Amino acid sequence: MTQRLPRLAIGAALAAGALLAAGGGAFAVTWKSETVTLPYPGPHFTGHGAALLNASCSTCHSADFVNGQPHLALGTWKVEVLKMKNVFHAPVHAKDVDTLARILFDRHPAPK
Amino acid sequence: MPANPGAALGRRAILGGGAALLVSPALAASEVRLPFANGLRPLTKPGLFPGKQQMILQRVRAPLLETPWDVFRKHLFIPNDQAYVRWHIPDFPTAIDVGKYRLRIDGDVAHPFELTLDELAGKFPAHKQAAINQCSGNSRGLIEPRVAGAQWGNGAMYNAMWTGVPLAALLDRAGVKPGATHVAFHNIEELIEPIPPHALFYKVLPLARATDPSTMVAYEMNGANLPLLNGFPIRLIVPGWYATYWVKMLTRITVTTHPGTGFWMNPAYTIPDTPNGAMTPGQTGVKFVPINAMDPRSFFTSVTNGAHLPAHKPTLLRGFAFGGGSALAAVAVSADNGTSWKDAALGKDWGPYASREWSLSFTPAKPGPVRLLVRATNAAGAVQPMVAGWNPGGFLYNAIEHVDMRAV
């Protein structure tokens, strides 16, 4: 499925141009059903606030994305937590919104 | 102005000192440091993700995989198994039955219809075109002040040769009714608990953009089936526009009279309705509109930070560039921090929406530090800026790239 097509092969097969008729009509495609395996679930949170973070966030995504975020303002973290709660219905209790934002802020200190 | 990430591999960068990336040895073969704070990322073992070689691991679930910069140094057309991957929600199928797959065209049309994959490829004219797919947030990690979101380096893009059916041919067969203004694109995703219906992914194009001759439903990428993670079996191709519109696993095309109400059209993926989509952090009263055409960009591939060049002798510089929403018009290189520019020679023209190689002979006048800048201009007159405009989504990044070397 992931055959590599060298650039030279593309160059030999096609003239330059934005939009090219490929054989002037119907195209012979080899369709083959696909089944893949993904390395889920991926990492969970560890360390400061991990229990609350895992309970609130891990239903929908792994922790690596959050851990790779930069230092952000406390208010920015709160906006992100509220987006997850209000748009995506993350299992976040209203009473935990500020706590979660504070945990995330503390886990991402300013670069030294 | 960021350093060329091509040199990021061997360079010491500042770490945020925050939470460590926690990825087991089963996932990661090694690591790469992207050129921004908290930029340490695992490199996947080849094959960890289906149909993918070694990738920069931004997130396991839902997958966010970045193309390592070395791939761009070797290929103008990015191999399918190294093309970046971006999913918002892990609600896409891991199995596709090509016999049961259908594409439906409906809405404000005279004759709604449904196609099997064989009918799509067999009953409509096939077209090929080269086009670069670039994430709206490509290079977000380089934006200052930093913003939340996928912290990409420059590797959330890939140039490919696409084969498929022009969308206009499908809409012609359906017969778009007078008064229609937009076309909505739905995919196979079905939401997982607890995510509610208003967060279901779909995108909407203005009718004129949907019927542009370049917009098409693609079933091949670089002469092969699409990798599942890149949208197998079919995805929308919107050359010149950011990849958020290039809907993967496309299942339904609905002609409408509305720009859409879904989260993924607004507020997600919107930009300030200002010149270059720029604003200042905290600015109020800014009108936001859906992101649309791409800006020009250019990159070095033959040289990286820390390289030594022979003084008084010519070195052939090489790289690639693209025009974005219109064709690439010019690429220029500066050796004096942007005071003067010298036009590069452009390589083979693969069409207005594709990446194009550039080259230029450069002779350092004397031994010592050399900083080179590269800048692209497109046919509409857009020129890369020295500093990227800022917006809260971290979109549209296209600052001039530079590389720091030494003439010896």
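Residues numbered from 1 in each chain as written. Chains lettered and ligands numbered in written order. Predicted model: local features only at pLDDT ≥ 70, side-chain atom pairs only at ≥ 80, totals over all residues.

## Quick notes on the overall build of chain B
Thought 1: Across its full length, chain B holds four helices and 26 strands.
Thought 2: With the C-alpha coordinates aligned to their principal axes, the bounding extent of chain B is approximately 70 × 45 × 45 Å.
Thought 3: Across the 408 residues of chain B, 54% fall into the buried class.
Thought 4: Considering only contacts within chain B whose residues lie at least 6 apart along the sequence, 68% involve residues at least 24 apart. (Helix = DSSP H or I, 4+ residues; strand = E, 2+ residues; numbered from the N terminus. Buried ≥ 20, exposed ≤ 12 C-beta atoms within 10 Å, placed from the backbone. Contact = placed C-beta atoms within 7 Å.)

## Quick notes on the overall build of chain A
Thought 1: Per the secondary structure count, chain A includes five helices and two strands.
Thought 2: Along chain A, helices and strands appear, N-terminal first, in the series α-β-β-α-α-α-α.
Thought 3: The proportion of buried residues among the 112 residues of chain A is 29%.
Thought 4: Considering only contacts within chain A whose residues lie at least 6 apart along the sequence, 56% involve residues at least 24 apart.

## Observations regarding helix H5 (residues 97-107) of chain A
Residue and element names in this part refer to chain A.
Thought 1: Among the residues of H5, those classed as buried are Leu-100, Ala-101, Ile-103, Leu-104 and Arg-107. Along H5, the residues classed as buried sweep out an arc of 160° about the axis, all on the same side.
Thought 2: If you follow the buried residues of H5, they end up packed against helix H2 (50-57) and helix H4 (74-86). (Arc of directions from axis to C-beta.)

## Overview of the sheet that holds strand E22 (residues 342-343) of chain B
Thought 1: Ordered by their spatial adjacency, five strands build an open sheet running E19-E26-E25-E21-E22 (chain B), and the pairing between neighbours is mixed. In this open sheet, the two strands that pair with only one neighbour each are strand E19 (308-309) and E22 of chain B. (Pairing = 2+ DSSP bridges.)

## Some words on the packing of H4(A) against H5(A)
Residues and elements named next belong to chain A.
Thought 1: Running from amino to carboxyl end, H4 crosses H5 at an angle of 130°, the nearest separation of the two axes being 8 Å. Viewed along their axes, H4 and H5 adopt a mutual orientation that is oblique. When the axes of H4 and H5 are compared, the crossing they make is right-handed. Residue-level inspection shows Leu-74, Trp-77, Lys-78, Val-81, Leu-82 and Lys-85 of H4 in contact with H5, the latter providing Val-97, Asp-98, Leu-100, Ala-101, Arg-102, Leu-104 and Phe-105.
Thought 2: The residue inventory of the contact of H4 with H5, partitioned by class, reads nine nonpolar, no polar and four charged. (Axes fitted to C-alpha atoms, helices over the stretch in contact; angles between N-to-C directions. Parallel < 35°, antiparallel > 145°, perpendicular 65-115°, else oblique. Left-handed = near helix turned anticlockwise from the far one by under 90°. Nonpolar A, V, L, I, M, F, W, Y, C, P; charged D, E, K, R; others polar.)

## Some points on the confidence of the model for chain B
All names here are of chain B.
Thought 1: In the predicted model, chain B carries a mean pLDDT of 93, and 93% of its residues have values of at least 70.
Thought 2: Ignoring residues within four places in sequence, the model shows residues 1-22, a span with pLDDT below 50, making 78 contacts including any to other chains.
Thought 3: The ipTM for the predicted assembly is 0.91, set against a pTM of 0.91. (pLDDT = per-residue confidence, 0-100.)

## Description of the domain arrangement of chain B
All names here are of chain B.
Thought 1: As assigned here, chain B comprises domain 1 (5-75) and domain 2 (76-408).
Thought 2: Here the C-alpha centroids of domain 1 and domain 2 sit 21 Å apart.
Thought 3: Of all the elements, helix H1 (residues 69-74) adds the most residues to the side of domain 1 that touches domain 2, at four residues.
Thought 4: Residues belonging to the side of domain 1 that touches domain 2 are distributed by class as follows: 17 nonpolar, eight polar and five charged. (Domains from an automatic or database assignment.)

## Considerations on the sheet that holds strand E23 (residues 345-346) of chain B
Thought 1: As summarised here, the arrangement of the four strands in space is E18-E20-E24-E23 (chain B), forming an open sheet in which the pairing is antiparallel. Edge positions in the sheet fall to strand E18 (297-300) and E23 of chain B, since each of these pairs with one other strand and no more.

## A closer look at the environment of A:Phe88
Thought 1: Its place among the elements puts A:Phe88 in the loop between H4 and H5.
Thought 2: Sequence spacing of A:Phe88 and A:Cys60 is 28 residues, and the spatial spacing of their C-alpha atoms is 9.0 Å.

## Looking at H2(A)
Residues and elements named next belong to chain A.
Thought 1: Of the positions making up H2, those classed as buried are Leu-53, Ser-56 and Cys-57. Buried residues of H2, seen end-on, are gathered within an arc of 75° and therefore sit on one face of the element.
Thought 2: Next to the buried residues of H2 lie helix H3 (64-67) and H5.

## Comments concerning the confidence of the model for chain A
Any residue range with low pLDDT should be treated as having predicted coordinates unsuitable for detailed reading.
Thought 1: Here chain A averages 84 in pLDDT, and 77% of its residues register 70 or above.
Thought 2: Here residues 1-18 of chain A is a poorly scored stretch, pLDDT under 50, and it has 31 contacts once near neighbours within four places are set aside; other chains count.

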